Amino acid sequence: IGTLEQAANGAGLVLCASILKDFVIPKLFKKKKYAICPLIDMANHRSLGTTADVSFEFFGDAYSLAVNPGTQIPNGSELFISYGARSN
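Every residue gets a number counted from 1 within its own chain, in the order that chain's sequence is written. Local features in a predicted model are, by the rule used here, given only for residues with pLDDT of at least 70; side-chain atom pairs are given and counted only at 80 or more, and totals for whole chains, interfaces and linings are based on all residues. The basis for the side-chain values is all heavy atoms of the structure; hydrogens and waters are excluded.

A.B. asks: Report on the overall build of the chain, specifying residues and quantitative values.
C.D. replies: Along the backbone of the chain there are one helix and four strands. Under the scheme used here, helices are H or I runs from DSSP no shorter than 4 residues and strands are E runs no shorter than 2 residues, and both carry numbers assigned from the N terminus. Mapped in sequence order, the helices and strands of the chain form the string α-β-β-β-β. By the convention used here, residues are in contact when the closest approach between their heavy atoms is within 4.5 Å. Long-range pairs, those at least 24 residues apart, make up 50% of the contacts in the chain between residues at least 6 apart in sequence. For accessible areas, the Shrake-Rupley method is used with a probe of radius 1.4 Å. Any residue's cover is judged against the shown protein chains and nothing else. Total accessible area on the chain stands at roughly 7,700 Å², and carbon and sulfur atoms take up 62% of it.

Put into structure tokens, the structure is as follows:
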């Protein structure tokens with residue numbers, strides 16, 4: 001099975017690889033991940049003129065919907081998100 005030191009080294013390697021895969025690589029290559037979010041996917045979408053942005057809060061284990069900076073949203077109006085450039 002191995003020693004306690006080998007197990008700790010393996011756990012440290014897995015932790016470093018997870019951080020690299022989830023935080024460093026996407027930031028360096030400007031790569032976005034897409035997922036289906038049951039409640040947020042009900043928001044209206046359009047490709048131009050979005051008023052909000054969806055993001056995943058890793059440490060909170062939740063998705064967030066935030067109004068774009070500088071955007072004025074009148075009461076009762078809709079928020080629009082973009083699914084990004086997609087081909088059919």
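After that view of the structure, there is still more to cover.
A.B. asks: Tell me about a nonpolar patch on the surface, and please be specific about residues and values.
C.D. replies: Like charges are joined within 9 Å and nonpolar side chains (Val, Leu, Ile, Met, Phe, Trp, Tyr) within 5 Å, but only among residues with over 30% relative accessible area and no salt bridge; these make up the patches. Salt bridges are identified by distance alone: a Lys or Arg side-chain nitrogen within 4 Å of an Asp or Glu carboxyl oxygen. On the surface, a nonpolar cluster with roughly 1,200 Å² of combined accessible area is contributed by Leu15, Ile19, Leu20, Phe23, Val24, Ile25, Leu28, Phe29, Phe56, Phe58, Phe59 and Tyr63. Tracing the sequence through the fold places Phe56 in strand E2 (residues 52-57).

A.B. asks: Before we move on, could you go through the pattern of salt bridges and cite the residues and values that matter?
C.D. replies: Overall, the coordinates contain one salt bridge when judged by the stated rule. Between Lys21 and Asp22 there is a salt bridge; the shortest N-O distance is 3.3 Å. For the exposure calls, accessible area comes from a 1.4 Å probe over protein chains only, and a residue counts as buried if that area is under 20% of its type's maximum, exposed if over 50%, partly exposed in between. Accessibility expressed as a relative area gives 53% for Lys21, which makes it exposed.

A.B. asks: Provide a residue-level description of the pairing of strand E3 (residues 62-67), including the pertinent values.
C.D. replies: Strands are labelled as partners when DSSP assigns at least two bridges between them. Two elements, E2 and E3, share six bridges in a ladder whose sense is antiparallel. Along E3, the bridge assignment pairs Ser55 with Ser64. A loop of four residues connects E2 with E3, the two strands running antiparallel in sequence, and Asp61 in this loop sits at a positive phi of about 50°.

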